[in-house]
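Here is what each chain is made of, one letter per residue.
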Amino acid sequence: MVNHEPASGWEESGGLDDGPVVGARRRRAIRIAVVLALGAMVLPLVLSAFGVARSAAANACAAYVADLSALDESRVEFDLFARGGPGWLCVAVAPSGASTVLGNLGPMPAFPKPAAPGRDA
């Protein structure tokens, strides 16, 4: 606040009148620029996490399907409203073209562990 008493000889800074004059349009432009900058920083992280999760899900699903001799291929799909919660669904595709959902791998799947001890996955 500004000290209006002439006896002190100096004015105290930090009042409302001492700050920069910023209009509503400029404040809105600065806020938009900040939101865009934050989005530009977060978007690559989200895309990278999505790519890593998709790759891990594809590898885990391929390992599961390799155990089933009657099925040829596998694919993964991300479903927000899956039965086991949001996550990657492992879908096995038979030679006839019929697809079967094997299970939900979760949002960040890991490579499956061997079913039997001493067996490589």
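Before reading on, note that the structure itself is shown above.
Residues numbered from 1 in each chain as written. Predicted model: local features only at pLDDT ≥ 70, side-chain atom pairs only at ≥ 80, totals over all residues. Heavy atoms only, no water.

**Student:** Pulling in residues and values, what's your account of the overall build of the protein chain?
**Tutor:** The secondary structure content of the protein chain amounts to one helix and three strands. Going from N to C terminus, the protein chain has its helices and strands arranged as α-β-β-β. Buried positions account for 19% of the 121 residues belonging to the protein chain. Expressed as a percentage of contacts within the protein chain between residues at least 6 apart in sequence, the contacts between residues at least 24 apart total 27%. (Helix = DSSP H or I, 4+ residues; strand = E, 2+ residues; numbered from the N terminus. Buried < 20%, exposed > 50% of the residue type's maximum accessible area, 1.4 Å probe, protein only. Contact = heavy atoms within 4.5 Å.)

**Student:** Any details on the state of the cysteines? Residues and values, ideally.
**Tutor:** If you walk through the whole model with that rule in mind, you get one disulfide. There is a disulfide in this structure between Cys61 and Cys90, and the S-S distance comes to 1.9 Å. On the sign convention where negative means left-handed, the S-S torsion of about 80° between Cys61 and Cys90 marks this disulfide as right-handed. With Cys61 in helix α1 (residues 24–67) and Cys90 in strand β2 (residues 87–93), the pair connects residues that are 29 residues apart, well separated along the chain. As far as burial versus exposure is concerned, Cys61 and Cys90 are alike and both buried. (Disulfide = S-S within 2.5 Å.)

**Student:** Before we move on, could you go through α1 and cite the residues and values that matter?
**Tutor:** The end-to-end C-alpha distance of α1, which contains 44 residues, comes to 64 Å, matching closely the 64 Å that a straight helix rising 1.5 Å per residue would cover. Largest kink in α1: about 25°, centred on Val42, with the proline Pro44 one to four residues after it. All of the buried residues along α1 are Ala53, Ala57, Ala60, Cys61, Ala63 and Val65. (Expected span 1.5 Å × (residues − 1). Bend = angle between axes of the 7 residues up to and from the residue.)

**Student:** Tell me about a nonpolar patch on the surface, and please be specific about residues and values.
**Tutor:** On the surface, a cluster of nonpolar side chains totalling about 530 Å² of accessible area is made up of Ile30, Val34, Leu38, Met41, Val42 and Val46. Mapped onto the fold, Met41 is located in helix α1. Residue class for Met41 comes out exposed when judged on its relative accessible area of 55%. (Patch = residues over 30% accessible without salt bridge, like charges linked within 9 Å, V, L, I, M, F, W, Y side chains within 5 Å. Areas by Shrake-Rupley, 256 points an atom, 1.4 Å probe, with all protein chains shown as cover. Salt bridge = Lys/Arg side-chain N within 4 Å of Asp/Glu carboxyl O.)

**Student:** Go over the sheet that holds strand β3 (residues 99–104) with me, naming the residues and quoting the values.
**Tutor:** Spatial ordering of the open sheet is given by β1-β2-β3, a layout of three strands whose pairing is antiparallel. Edge positions in the sheet fall to β1 (73–79) and β3, since each of these pairs with one other strand and no more. Averaged over neighbouring strand pairs, the angle between their axes works out to 30° when direction is ignored. Note that β1 and β2 share seven bridges and pair antiparallel. Of the residues in β2, the one forming a bridge with Glu73 is Val93. (Pairing = 2+ DSSP bridges. Axes fitted to C-alpha atoms, helices over the stretch in contact; angles between N-to-C directions.)

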